[in-house]
Amino acid sequence: MSAAPMPARWHTWAEDLLLQPETLAQMARVVGDTFHVLDPATFADNLAAFSAAFDDCGVDGRIRYGYKANKARAFVRECASAASAARGRFGVDVASVEEFGAALTAGVRGEEIVVTGPAHGDEMLRLAARHDAVVAIDSLESVRRLCARPPAEDLGILLRLRPPGATTRFGLTDGQVRVALSELRDCKRIVLRGMSFHLSGYDIAPRAAMAHHAIDLCLAARDCGHRPEMISLGGGFAVDYLDRRHWDAYRAEEVAQWYFDGNAPASLYPYAPDVAGAEMLSAVLGTSRSQRAPGDHSGSVAQRVRDLSLRIMVEPGRALCDGAGFSVFTVRGIHHTPDGTAVVTVSGTSLSLSEQWFGSEFLPDPRLIDLDEDTAPHGHTTETMSAVVAGSTCLDGDLLSRRRIRFPRRAKVGDLLVYPNTAGYQMDSNESEFHQTPLPPKLVVRQRDTTTTWSIDR
Ligand SMILES: *Cc1c(COP(=O)(O)O)cnc(C)c1O
């Protein structure tokens, strides 16, 4: 039984490239059977859309790319070149010394870097202080450790707030923030620059509520003698992968029998959100408080930060990668299990499609590309085929698609199987050199007039 079709939104550059199988074949000949393709121009368009959302409401905004979503050097270089045209606005959110170094190497300035993640080591703190990066501090213990052993130079910090009611290991409670505000007064070389948070889920209302709360805490910090200048709303800006109709149909019709092991995933990414990307930022910025206490400042998030001369930082990862990459695998074999399930085995592994490793399923359908067009119009290749997709490892659970996908024709050995829109988290966050196979390379395409040139990302 095939799963409902999930036609992906293919961006124009990707659609154009799929219509040039000779270019894909050439890439495969040079770098091997498994590779990722990236379009930095789309990443740059996404940066510009976030920037326009800030301009539209007159907010002094900072966009810091959540680097963990994709390691491509080409993307951080786009952050650097955007930053050189608009000082301060663009930069990178890093969570390791290696990401910090890669951002600097790509040309991003230290002052354009925010450091997130838990319990930073001394090397990271020294680096951040040296380069004027701002560091989000996520526990009261870390605040105290910093005060006890400050870096040799001034270090700007944000206090990461704990979302009320959430089960999370990150962030300070309101009570801890108040303690930190008081202890930080006597703390040499640590400069409180603002408040930050990062919420799971993709809803607008809780982000707006947290933003208002972060503004309140900045006011409390000013009352304590600090001079906070910004709030960071973190990431979590949704991506619109699929047409709403298809997504609704999938959820309405989904049955366990669609899946190879007879189990439907416990949860799925919200593949067709009402509001996504930069529009979601505009929606958060435009939201006023639902309930106001007496004496509260009224107005939307944007109005309040303008009135109080604060800035807003965002740390989008996935949303900046939207549409900026796809992943190519080569069909190695097709066989049937005794229950009649067709299994298409491809080069590479599902470690290059991370969603599969969170007990979930990456829903946008992959596309089969025939590299010898001559055979396509004839005979057996035109029959449809329903199959799951497996990686070429010895792990039974290594399935790129656990659901039975209906393909418009029979797959054959040597076809390419292309998964759409994989740049955000799918292609490289879980990759490994399992079986000593090298990591799939990333190829960067550039469109000049009508010609496509490509190079290896490094
Ligand atoms: C992962 C992360 C981000 C990016 O999240 P996205 O969902 O990719 O936008 C931003 N900030 C922090 C602190 C993170 O941990």
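The coordinates are above.
Note that the structure is predicted; figures quoted are calculated from it, not measured.

As a volume, the largest pocket reaches approximately 1,200 Å³. If you trace the largest pocket, you find 46 residues lining it, with Lys68, His198, Leu199, Tyr202 and Tyr425 closest to the centre. Those elements giving two or more residues to the lining of the largest pocket turn out to be strand E3 (90–94) and helix H13 (318–321). Along the lines of polarity and charge, the residues of the lining of the largest pocket split into 19 nonpolar, 16 polar and 11 charged.

With that out of the way, let us pick up the packing of helix H9 (residues 204–223) against helix H11 (residues 277–285). At a closest axis distance of 9 Å, the pairing of H9 and H11 adopts a crossing angle of 50°. It follows from the interaxial angle that H9 and H11 lie oblique. Crossing angle aside, the handedness with which H9 passes H11 is right-handed. Counting all contacts with H9, which are made through Ile204, Arg207 and Ala208, the residues of H11 involved are Met280, Ala283 and Val284. Here the residues of the contact of H9 with H11 are counted per class, giving five nonpolar, no polar and one charged.

The strand order around the closed barrel built from eight strands is E2-E3-E4-E5-E6-E7-E8-E9, with neighbouring strands paired in parallel fashion. Averaged over all pairs of adjacent strands, the angle between strand axes in this sheet comes to 30°, irrespective of strand direction. Direction of pairing for strand E2 (residues 61–66) relative to E3: parallel, over a ladder of four bridges. Bridge pairing in E3 links Arg64 to Gly91. Across the sheet, helix H4 (residues 73–85) lies against E2 and E3, angled at about 140° from E3, the strand it touches most.

Criteria and thresholds
Residues numbered from 1 in each chain as written. Predicted model: local features only at pLDDT ≥ 70, side-chain atom pairs only at ≥ 80, totals over all residues. Heavy atoms only, no water. 1 Å grid on protein atoms, 1.4 Å probe; cavity = no way out; pocket = protein on both sides within 12 Å on 5 of 7 lines; lining within 4 Å. Points joined across faces, edges and corners; volume = space filled by probe spheres on them. Helix = DSSP H or I, 4+ residues; strand = E, 2+ residues; numbered from the N terminus. Nonpolar A, V, L, I, M, F, W, Y, C, P; charged D, E, K, R; others polar. Axes fitted to C-alpha atoms, helices over the stretch in contact; angles between N-to-C directions. Parallel < 35°, antiparallel > 145°, perpendicular 65-115°, else oblique. Left-handed = near helix turned anticlockwise from the far one by under 90°. Contact = heavy atoms within 4.5 Å. Pairing = 2+ DSSP bridges.

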